[in-house]
Every structure is written in C-alpha cells, then in structure tokens.
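Observations on the model geometry
Okay, here's what each chain looks like letter by letter:
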Amino acid sequence: MRFFKASIKRRLFGLIAFICLLFVTVFALLYAFLYDDYVMSQNKNLLLSSYSTIAMSYDGNVSSLFEACERMDNRYGIKAIITSADYTVIYDNIYQHNGASASIFRTYRFNIPEDYVWDGDTTPTFMLYSDPTSAIDYLLLAGRLEGGEVVALRIPLPLIEANTDFAFVFMAWSGILVFLVCCLIAYVMANRISKPLVEINAIAKTMAKLDFSRKYSGKSKDEIGQLGESINSLSSQLEGTISRLQETNARLEVEIAKERQIDNMRKNFIANVSHELKTPLALVQGYAEGLKVNINDNEEDRNFYCDVIMEESARMTKLVQQLLDLAKIEVGNILPERELFDLGFLIDNVCAKNKLRLENKHICLLQEVNSIPVWADSDMTEQIFVNLLTNAINYSPEEGGLIEIRAEIRSEANKVRLFVRNRGDQIPEEELDNLWLNFYKVDKARTRAYGGTGIGLSVVAAIMKAHGMPYGAYNCRSAHGDGVEFYIELESR
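Here's what I pulled together on the structure shown here.

What counts and what doesn't
Residues numbered from 1 in each chain as written. Predicted model: local features only at pLDDT ≥ 70, side-chain atom pairs only at ≥ 80, totals over all residues. Heavy atoms only, no water. Helix = DSSP H or I, 4+ residues; strand = E, 2+ residues; numbered from the N terminus. Contact = heavy atoms within 4.5 Å. Areas by Shrake-Rupley, 256 points an atom, 1.4 Å probe, with all protein chains shown as cover. Buried < 20%, exposed > 50% of the residue type's maximum accessible area, 1.4 Å probe, protein only. Phe/Tyr/Trp six-rings, centres within 6.5 Å; stacked < 30°, edge-to-face > 60°. Pairing = 2+ DSSP bridges. Axes fitted to C-alpha atoms, helices over the stretch in contact; angles between N-to-C directions. Core = buried A, V, L, I, M, F, W, Y, C linked by side-chain atoms within 4.5 Å. Expected span 1.5 Å × (residues − 1). Polar contact = N/O pair within 3.5 Å; in protein donor to acceptor, adjacent residues only side chain to side chain. Salt bridge = Lys/Arg side-chain N within 4 Å of Asp/Glu carboxyl O. Patch = residues over 30% accessible without salt bridge, like charges linked within 9 Å, V, L, I, M, F, W, Y side chains within 5 Å. Lys, Arg positive; Asp, Glu negative; His and termini not counted. Charge placed at Lys NZ, Arg CZ, Asp CG, Glu CD. Arc of directions from axis to C-beta.

What follows concerns the overall build of the protein. Along the backbone of the protein there are 12 helices and 12 strands. For the protein, long-range pairs separated by at least 24 residues make up 63% of all intrachain contacts whose partners lie at least 6 apart in sequence. About 29800 Å² of surface is accessible on the protein, with carbon and sulfur atoms providing 57% of the total.

Rendered as structure tokens:
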C-alpha cells in the first residue's frame, strides 16, 4: 500500500525497474532450464549439417572429402574419421591412423560389433561415447555413404560445457549490467514523465489559492503537453472571470456604500430639515398665538412680534427655496446652459451688490480679476460666486476682515481657476471635505447667528458637478494672515 501512496516519480521508477528485473529473471530461468538442451540441439544440427555436406560432396572418390573435413575441423573443431566399407581407415584427423585395420577402428574408436553387416542404410546415428585413450566424452554422429564408406564426426562434450559456462558468466554479467542500465533509464524516464505532471500539480494548487500568475512551460505535444495547455487555458479563463467578478463586486460594494451614504444623507437631511424648521416654526407659532390673544396691547411690541414672524418666515422660505434648487440640480432637472460671458464683469457686479454688507462688517475686499471670457452657465456661476462670497463674509472677523478674490489662467488647458479667500480661523483638516455636505456647519452657533442654513456650499458642489469641473477648499497662510481659500475651475475661451 505504501507503494501506491508514493509519488508518481517513484512509482514510475519502481514499475519500470520491476519490469526490467522480471525480464532479467525470466531470461535467467530460460537459460538455466533450456540453454543446455538448446546448445546440444544446435551441436547435433551442426554435426548433421556437416555430414550432409560430406554426403553431397562425395562423388565416389574418397579423397574428394578430405578438403571438406579439413574445413569443418578448422571452422567448427569437428574431427572426422572415414573408413572403407570393411572399416579400413582412409582418413583420420583424430589419431592419424590412416590405413589402420578394421579391428583397431572397432576396438579403439567406435566399438562396432564384429558381426555388423551393412544393409545399405545411409541414415546417420547420434551417440555419446567415451574415448578410452583420453577418457573424454564426445557427441558422435556416424553414418555410411552410398559407397559403403563409414563417416564418423565428433565434438568433445567438455568443449560444449565450457562454452556453456562461458555463456553463463557472460549472461550473468550482462543481466546485471542490463538491469543497472534499465534502472538508470527508468530513473530518467520517470523523472521526465513526472516532471511536467509535478509542475501541473503545483500550478493547480496555486490556482486553488486564486493565484493565476504561474503557467505551464512545457513544449511537448503529447497528452501531458495538451493537459498543460488546457491548464493554462483554464487558468486564463478563471483569472479573467474572477477578475470580472472582483470588479463587479467592487462596483457593487461602491454602489452599496453609496446607497448607504445616500440613505444616511436622507436620514440626516430629514433630521436637519426638521431641526432647521423646528425653531422658526416654534417662534412663528408662539408669536402668532401672542398676537391672537393680544398678549400685549403695545403697538411697538405688536410690531416686534410681526417682525419676528416675518423674519422667521423669510428664513424658512429661503431654506425651502435652497433645498428645492439643490434637489433640482442634483437630480438633473436643471442642466447648465453654457454661454460665453465675462467672468470679471460678473464678479464686479456681485461685489457691488454686497458692498454695503462689506462696509458694515469693516471687511476689506481685494478684487484682482480682470476681464476673462469663460464658457459656463452664467446664472449658476453667479449663484456659486454669491454663495462663496457670502460664506467668506459670514466667517470673516468682525474687525480687520479681508477677502481676496483672484483668478489664475491656465492657457495650456483652456481653464481658469477662481479663488475666494477670507482672513479668519482655519478649518480642521479632517473637516474640509465635509464642508460640501448638506447642513454641515463647522461652527453651528455662529451659523445660526448670521442666519445661515448650511446649504450654500452644497449648492456650489452640485453646480460644479453639473459642469463637470473641479472645486475645493484648503487652509492657507499669507502675508495678510491665516484663513481659508475656496476655488472653482471653469472652462476658458
């Protein structure tokens, strides 16, 4: 079981090595049980083939066989004895007893019976015999030619056995060498086959962690290469799909956050409107009830009551009108009607209308904007500047106030940036972005004192968004003292 839990590299190596070992083992068993019989059979075939060669070469002249016998001796080590029909030795390259008598042939060579008579059979016969002079066993083939001559061919068995032993040693070392080479080849093949699979597995693990940066780098065109290409394709598709899902989720989160913000703004809006209307409504109701019951018959007091009612009514009318204008701009019911007009002329006109307020608060006005043609909605631009100037007047100190109005032309971008700066207390940095929210007031007591609603800068932000132009505010320091500077940017022509 441990083998099946091992890595694919080890399993491949083990499987190939096992097949090689099995092959070597089967080969060794075949050698042990069949090789001796095979060698003996081959030697018999060799003797039989040699005998057939002699038989076909025989033409009635025995001397014509001598050359064939010499060739067999030199090539295969086959020794031959040829006798006449009466067993007189004609050719002998074993004992060199040419011309010896038949009795010597029978007694010392093949032990042929004395009463043996040839009946014309030329079929050769195999036999094993031991030479009495050398005590060596031989494999012998004996037969008669058509003329009655006896041909005897032999191979020594020790030579066959020696060749078998040599072959065994050779095959043993060859088997070990083949097994080692096969193990080396198995290691290389296992490593080569498993390497891309290991790489693909690592890529799959990184994909499971939503990391799609790693890709399969193999170049093969086989099934593993196709699997790697499929993994790469799947990785790219998942990366794209997940990326789109993340973008969609991000947009949804932004939209949800915006919805929450809008909901909070709606709640705050209702609360702020209720709060802003509560005081003037209470004053109107109280003074109206006082007038109704004639709480005071004094004419001056009655006039005071009426003045309060009228002032608070005007305050509520102003608040409602600003809310209506802001709502129309934000929902797009009022769109900018762009036209070309002189920004310097518009600023001079608004400053002239507010001259009395500036003098009453002893505020010094530095207006440095010359004639500048701009492309925007003139009425909305005037409302923006009125709100910014009003905000600067309201937050200037009672004595020694200073308001600076200047413009910065950016000719390369066809833009002009208008700045309105007032001397006075600076706004905490974390509060600057909140200035543009509805009903936001840094100093609520002071805003109430000059009759502000907290909507003026919200109207500025809504108009600038409708124009698609930047705006902002920041604290600043200059030779004239600390203060806050507001800016808007308009398209110049």
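Read on for the rest.
Before going further, it helps to examine the environment of Tyr 471. Here Tyr 471 shows up in strand β11 (residues 471-478). Tyr 471 gets classed as partly exposed once you look at its relative accessible area, which sits at 22%. Residues Tyr 471 and Leu 418, spaced 53 residues apart in sequence, show a C-alpha to C-alpha distance of 9.5 Å.

Turning to the packing of aromatic side chains, a few remarks are in order. What describes a pair of aromatic rings is the distance from one ring centre to the other and the angle between the planes of the rings. Here the structure, examined in full by the defined rule, presents two aromatic pairs. Between Phe 419 and Tyr 487, the ring centres sit 6.3 Å apart and the planes meet at 45 degrees, which makes this aromatic pair tilted. One end of the pair, Phe 419, is in strand β10 (residues 415-423); the other, Tyr 487, is in strand β12 (residues 481-492), with 68 residues separating them in the sequence. Relative accessible area serves as the criterion here: at 4%, Phe 419 is assigned to the buried category. For the pair Tyr 474 and Tyr 487, a centre-to-centre distance of 6.2 Å together with 45 degrees between the ring planes defines the contact as tilted. On the criterion of sequence distance, the pair formed by Tyr 474 in strand β11 and Tyr 487 in strand β12 is long-range, its members being 13 residues apart. Aromatic ring contacts, followed pair by pair, group Phe 419, Tyr 474 and Tyr 487 into a single cluster.

To continue, consider the environment of Asp 211. Position of Asp 211 among the secondary structure elements: in the loop between α5 (157-208) and α6 (223-292). Asp 211 gets classed as partly exposed once you look at its relative accessible area, which sits at 35%. When the C-alpha positions of Asp 211 and Glu 239 are compared, they lie 8.2 Å apart, and in sequence the two are 28 residues distant.

A few words on the sheet that holds strand β3 (residues 125-130). Neighbouring strands of a sheet are bound in pairs by backbone hydrogen bonds; such pairs are parallel or else antiparallel. One open sheet accounts for five strands, arranged β2-β1-β5-β4-β3; its pairing is antiparallel. The outermost strands of the open sheet, each flanked by one partner alone, are β2 (89-92) and β3. Ignoring strand direction, the axes of neighbouring strands in this sheet form an average angle of 20 degrees. Sheet strands touched by helix α3 (residues 66-76): β1 (79-83), β2 and β5 (150-156). Its angle to β2, the strand with the most contacts, is close to 35 degrees.

Of all hydrophobic cores here, the largest spans 41 residues; its most connected members are Phe 385, Ile 403 and Ile 405. If you list the elements that add at least two residues to this core, you get α8 (343-353), β8 (373-376), α10 (378-394), β9 (401-410), β10, α12 (456-467) and β12. At seven residues, α10 tops the list of elements feeding residues into this core. Every residue in contact with Ile 403, bar those within four places of it in the chain, is listed here: Leu 358, Ile 363, Cys 364, Leu 365, Leu 366, Leu 389, Ala 392, Ile 393, Ser 396, Val 420, Arg 421 and Asn 422. Counting residues in hydrophobic clusters, the runner-up holds 20 residues, among them Ile 54, Leu 65, Leu 145 and Ile 160.

What follows deals with α10. Helix length check: α10, at 17 residues, gives a terminal C-alpha distance of 24 Å against a target of 24 Å (1.5 Å per residue), a fit within 8%. Burial in α10 covers these residues: Ser 378, Met 380, Thr 381, Ile 384, Phe 385, Asn 387, Leu 388, Leu 389, Asn 391, Ala 392, Ile 393 and Asn 394. With a side-chain oxygen lying 3.1 Å from the backbone nitrogen of Asp 379, the N-terminal cap of α10 falls on Asp 377.

The next subject is unusual backbone geometry. Even without being glycine, His 362 reaches a positive phi, approximately 55 degrees. Residue position: His 362 is located in the loop between α9 (355-360) and β7 (363-367). Judged by relative accessible area, His 362 falls into the partly exposed class, the value being 49%.

For Cys 306, the location among the structural elements is in helix α7 (residues 299-331). Overall, Cys 306 belongs to the partly exposed group, its relative accessible area being 33%. Counting along the chain gives 15 residues from Cys 306 to Leu 291, while the straight-line C-alpha distance between them is 8.4 Å.

So, about the pattern of salt bridges. Using the criterion set out here, one finds seven salt bridges in the structure. Of the charged contacts in the structure, one is a salt bridge between Lys 353 and Glu 382, with a shortest N-O distance of 3.5 Å. Within this pair, whereas Lys 353 is found in helix α8, its partner Glu 382 is found in helix α10, the two being separated by 29 residues in sequence. Here Arg 406 makes a salt bridge to Glu 485, at a shortest N to O gap of 3.3 Å. Of the two residues, Arg 406 sits in strand β9 while Glu 485 sits in strand β12, which places them 79 residues apart along the sequence. Taken together, the shared-partner salt bridges connect Glu 408, Arg 410, Arg 417 and Glu 489 into one network.

Before going further, it helps to spend a moment on a negative patch on the surface. Together, Asp 36, Asp 37, Asp 137, Glu 161 and Asp 165 line one region of the surface with negative charge. Looking at the secondary structure, you find Asp 37 in helix α2 (residues 8-57). With a relative accessible area of 56%, Asp 37 lands in the exposed category.

Every buried residue of α3 is accounted for by Ala 68, Cys 69, Met 72 and Asp 73. Seen from one end, α3 has its buried residues packed into an arc of 140 degrees, which puts them on one side. Of the exposed residues in α3, those oriented more than 90 degrees away from the buried face are Glu 67, Asn 74 and Arg 75. Backbone geometry just after α3 places Gly 77 at a positive phi near 75 degrees.

A surface patch of nonpolar side chains, about 900 Å² in accessible area, is lined by Leu 15, Phe 18, Ile 19, Leu 22, Val 26, Leu 29, Leu 30, Phe 33 and Leu 34. By secondary structure assignment, the location of Leu 30 is in helix α2.

Any functional reading would require information beyond the geometric quantities listed.
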